[in-house]
Amino acid sequence: MRQIWIQTKTRHQLYLDQINGQTAEVLFQKITDFQTGDILYGTVKQVDQRLKACFVDVGQGDIAYLPFRYMVDEKVGHGDWLLVQVERLATPSKYMTVTTKLQIKNDTLVYSPFETSIHVSHKLTSEERDHLIELLSPYVNEGLIVRTKANQLDQTTLINGLERLKTVYKQINEMPVKKGLAYRQSHPFITALQQTDLSDVDRIIVDEPDMKQKILSILPHVSERLNLDRHYLHHRPYGYESLADELTRRQISLPSGATLMIDQTEALTAVDVDFGSYRVHQQTEPDYMVINREAVTQLAKILKERNMYGAIIVDLLNMQSNKEQQEIINTLKQHNKQQSASIHIVGFTKLGMLEVTRKREVSNSYQFFGVDQRTLVPTENYYLQQLEEELCWFDEDRSIDVIHLEVDSNYSSMMKPFLKLLHETHEFHFPLYISAKKGLQSPYQLYKIGDVHWLLSRYEDKGLSIDKAF
């Protein structure tokens, strides 16, 4: 049985594709995260002639790097408002890169309002390219990139698609000017559905009516398999802690019993392949090649699932022979294509280590779950996200009257504003009371309370403080 679970109600959002209980694909994003291609409003914070760039405040505490070469007009000053588009996402050591040369896309066309020429995919014949240019030229004075798929559409469909792109750009410019997101092409989870063969999917389960309507507007043929579950958190086949552990753990076991060990530094990710508890089998090739094949097969899956990016160095077993190195590269290429993992294979170093790179598209799993990439210790964000999940879980149960949140004293100062934000977002049906206590074994503890008067009296009798959060 194949099911796709889509969780968008919480501030941390998840997409899980499961086949017979096994995870085939997992995607994640935070509601506050920017994505490549997002169009944002921001103000110029600084112009640096030495760097030939300016820095743009796009809200949420985010600063973007805008090189002069990515600008339509370099004549900008401090405080000027700009519309920019995300080219590359931020890393722990670098700002995100943006451009003012906007592009608005659909499956067949890329509309560039600050360009003046039409370019057609070179996968088409010269006759097909000339035909599309002749067809589209009367309808556009700006720049346009025509994709290969455009050749499959009739003229009316193609022109209507172009007019919608031009309308989107017009609407963006007419929006109230405020820092932050102005336009996003599509929710990444809907894009994932569009790119997935859904013929063997039995159910698509969502937790919000709005997401259900968005899916139906784009994929109406899935209506009978699309379910809104108002008790989603009670029914989903994964838990926050277990999924966080699966996508951030250091040691990964391979089917043969061998292991991968993943360690991250600021500069790179190191993957070490080890025999572990490898079980000897009778085979025609050496044990180390069996393990190495397993390792790179699993590597493609791990890099995609965890969305790991940057330089990745893999220390495989006994990789000195050029022939064996090429066999491993071919295996990785095959599984990279199958997983759509977007891995660039650099090759083997002089020390016999495999080097690959991967471009950042969204936050990796460590950042998403709030787990320190080096120590693997949960951060404050881990516990705040876990708390949101638990409160939403309680909110699905209408029999609950009151919740008591007991917080470790070290976390109490940040907890109240966070609770206010959560209540504004979710409008929980129950009141919540919060108290602080020193020396809790975890940052917080939640209790279901049947009688609020008993709770308040208990704290009053002990001379302890307890407040109503909402």
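Calculation notes
Residues numbered from 1 in each chain as written. Predicted model: local features only at pLDDT ≥ 70, side-chain atom pairs only at ≥ 80, totals over all residues. Heavy atoms only, no water. Helix = DSSP H or I, 4+ residues; strand = E, 2+ residues; numbered from the N terminus. Buried < 20%, exposed > 50% of the residue type's maximum accessible area, 1.4 Å probe, protein only. Contact = heavy atoms within 4.5 Å. Areas by Shrake-Rupley, 256 points an atom, 1.4 Å probe, with all protein chains shown as cover. Lys, Arg positive; Asp, Glu negative; His and termini not counted. Charge placed at Lys NZ, Arg CZ, Asp CG, Glu CD. Pairing = 2+ DSSP bridges. Axes fitted to C-alpha atoms, helices over the stretch in contact; angles between N-to-C directions. Expected span 1.5 Å × (residues − 1). Polar contact = N/O pair within 3.5 Å; in protein donor to acceptor, adjacent residues only side chain to side chain. Phe/Tyr/Trp six-rings, centres within 6.5 Å; stacked < 30°, edge-to-face > 60°. Patch = residues over 30% accessible without salt bridge, like charges linked within 9 Å, V, L, I, M, F, W, Y side chains within 5 Å. Salt bridge = Lys/Arg side-chain N within 4 Å of Asp/Glu carboxyl O. Parallel < 35°, antiparallel > 145°, perpendicular 65-115°, else oblique. Left-handed = near helix turned anticlockwise from the far one by under 90°. Nonpolar A, V, L, I, M, F, W, Y, C, P; charged D, E, K, R; others polar.

Chemist: Please clarify how the overall build of the chain should be interpreted in this entry.
Modeler: Counting secondary structure elements, the chain contains twelve helices and 25 strands. Its C-alpha atoms give the chain principal-axis dimensions of roughly 85 × 70 × 55 Å. Per-residue burial for the chain yields a buried fraction of 47% across its 470 residues. Taking all contacts inside the chain whose residues are at least 6 apart in sequence as the whole, residues at least 24 apart take part in 65%. In the structure as shown, the chain presents an accessible area of about 24500 Å², 48% of it carried by carbon and sulfur atoms. Of the side chains in the chain, 53 bear a positive and 62 a negative charge, and the two mean positions are spaced by 3 Å.

Chemist: Sorry if this is basic, but what is going on with the pairing of strand 17 (residues 259–264) here?
Modeler: For a regular strand, side chains alternate in direction, first toward one face of the sheet and then toward the other. Extensive coverage of strand 17 is indicated by the burial of five of its six residues. The sheet contact formed by strand 16 (residues 251–253) and strand 17 spans three bridges and is antiparallel. Residue pairing for strand 17: I252 is matched across the bridge by L260. As consecutive antiparallel partners, strand 16 and strand 17 are separated by five residues, and within that stretch G257 has a phi angle of approximately 105 degrees, a positive value. As paired strands, strand 17 and strand 18 (residues 268–274) are joined by six bridges and run antiparallel to one another. Bridging across to strand 18, D263 finds its partner in A270. Between strand 17 and the antiparallel strand that follows it, strand 18, lie three residues.

Chemist: What is the right way to look at the sheet that holds strand 10 (residues 109–112) in this model?
Modeler: Across a sheet, paired strands are connected by hydrogen bonds in the backbone, their directions being either parallel or antiparallel. Strand order in the open sheet formed by four strands is 9-10-12-11, and the pairing between neighbours is mixed. The sheet terminates laterally at strand 9 (104–105) and strand 11 (118–120), the two strands that pair on one side only. The pairing of strand 10 with strand 12 (residues 143–146) spans four bridges and is antiparallel. Residue pairing for strand 12: S112 is matched across the bridge by G143. On top of the sheet, helix 1 (residues 126–136) reaches strand 10, strand 11 and strand 12; it is set at about 150 degrees to strand 11, its chief contact.

Chemist: Is there a simple way to think about the environment of L153 in this case?
Modeler: Note that L153 resides in the loop between strand 12 and helix 2 (155–174). Given the relative accessible area of 34%, L153 is considered partly exposed. Note: C-alpha distance between L153 and T108 (45 residues apart in sequence) is 8.9 Å. When sequence neighbours within four positions are dropped, the list of residues in contact with L153 reads T108 and L158.

Chemist: Got a minute to help me understand helix 2 in this structure?
Modeler: An α-helix turns once every 3.6 residues. As a result, residues three or four positions apart point the same way. Compared with the 28 Å implied by 1.5 Å per residue over 20 residues, the 29 Å span of helix 2 between its first and last C-alpha is a close match. What helix 2 keeps buried is the set L158, I159, G161, L162, L165, V168, Y169 and I172. Where helix 2 begins, the side chain of D154 points an oxygen toward the backbone nitrogen of T156, at a separation of 3.1 Å.

Chemist: Is there a simple way to think about the packing of aromatic side chains in this case?
Modeler: Aromatic rings in a pair are described by how distant their centres are and how their planes are angled relative to each other. The final tally for this structure, using the stated rule, is 17 aromatic pairs. Their ring planes at 25 degrees and their centres at 5.6 Å tell us that F428 and F470 sit as a pair that is stacked. Taken as a pair, F428 in the loop between helix 11 (412–426) and strand 23 (432–437) and F470 in the segment after strand 25 (467–468) lie far apart in primary sequence, 42 residues in all. Across the pair, exposure class does not vary: F428 and F470 are buried alike. Taking relative accessible area as the criterion, F470 reaches 14% and is therefore assigned buried. An aromatic cluster is built from F28, Y240, F368, F369, Y382, Y383 and Y411, whose rings are joined through pairwise contacts.

Chemist: What is the right way to read the sheet that holds strand 23 from this model?
Modeler: Read from one edge to the other, the open sheet built from four strands follows the order 24-22-23-25, with strand pairing classed as mixed. This sheet does not close on itself; its edge strands, each paired only once, are strand 24 (444–449) and strand 25.

Chemist: Quick question: what am I supposed to make of a positive patch on the surface here?
Modeler: Residues R69, R88, K94, K105, R147, K149 and K359 make up a contiguous surface patch of positive charge. If you trace the backbone, K105 turns up in strand 9. Look at K105 and you get partly exposed, because its relative accessible area is 35%.

Chemist: Please explain the packing of helix 7 (residues 287–306) against helix 8 (residues 322–339) as it appears in this structure.
Modeler: Helices that pack against each other are described as a pair by the angle of their axes relative to one another and the distance between those axes. The geometry of helix 7 relative to helix 8 is characterised by a closest axis approach of 9 Å and an angle of 30 degrees between their N-to-C directions. Compared by their axis directions, helix 7 and helix 8 come out roughly parallel. Crossing geometry of helix 7 relative to helix 8 is assigned as right-handed. Facing Y288, M289, N292, R293, V296, T297, A300, K301 and K304 of helix 7, the residues of helix 8 in contact are E324, E327, I328, T331, L332, H335, N336 and Q339. Its residues assigned to classes, the contact of helix 7 with helix 8 shows six nonpolar, six polar and five charged.

Chemist: Help me understand the pattern of salt bridges in this model?
Modeler: Think of it this way: side chains of opposite charge can pair up when their charged atoms draw near. Going through the model one piece at a time under the given rule, you end up with 15 salt bridges. The shortest N-O distance in the salt bridge between K416 and D467 comes to 2.9 Å. In this pair, K416 sits in helix 11 while D467 sits in strand 25, placing the two residues 51 residues apart along the sequence. By sharing partners, the salt bridges in this structure join R2, D17 and D200 into a single network.

Chemist: Whenever I open this one, the side chain of D48 confuses me. Can you help?
Modeler: Among the structural elements, D48 can be located in strand 4 (residues 39–48). We classify D48 as buried; its relative accessible area is 12%. Polar side-chain contacts of D48 include one of 3.0 Å to the backbone nitrogen of R50. There is a polar contact of 3.0 Å between the side chain of D48 and the backbone nitrogen of L51. The residues contacting D48, other than those within four sequence positions of it, are A53, C54, F55 and F68.

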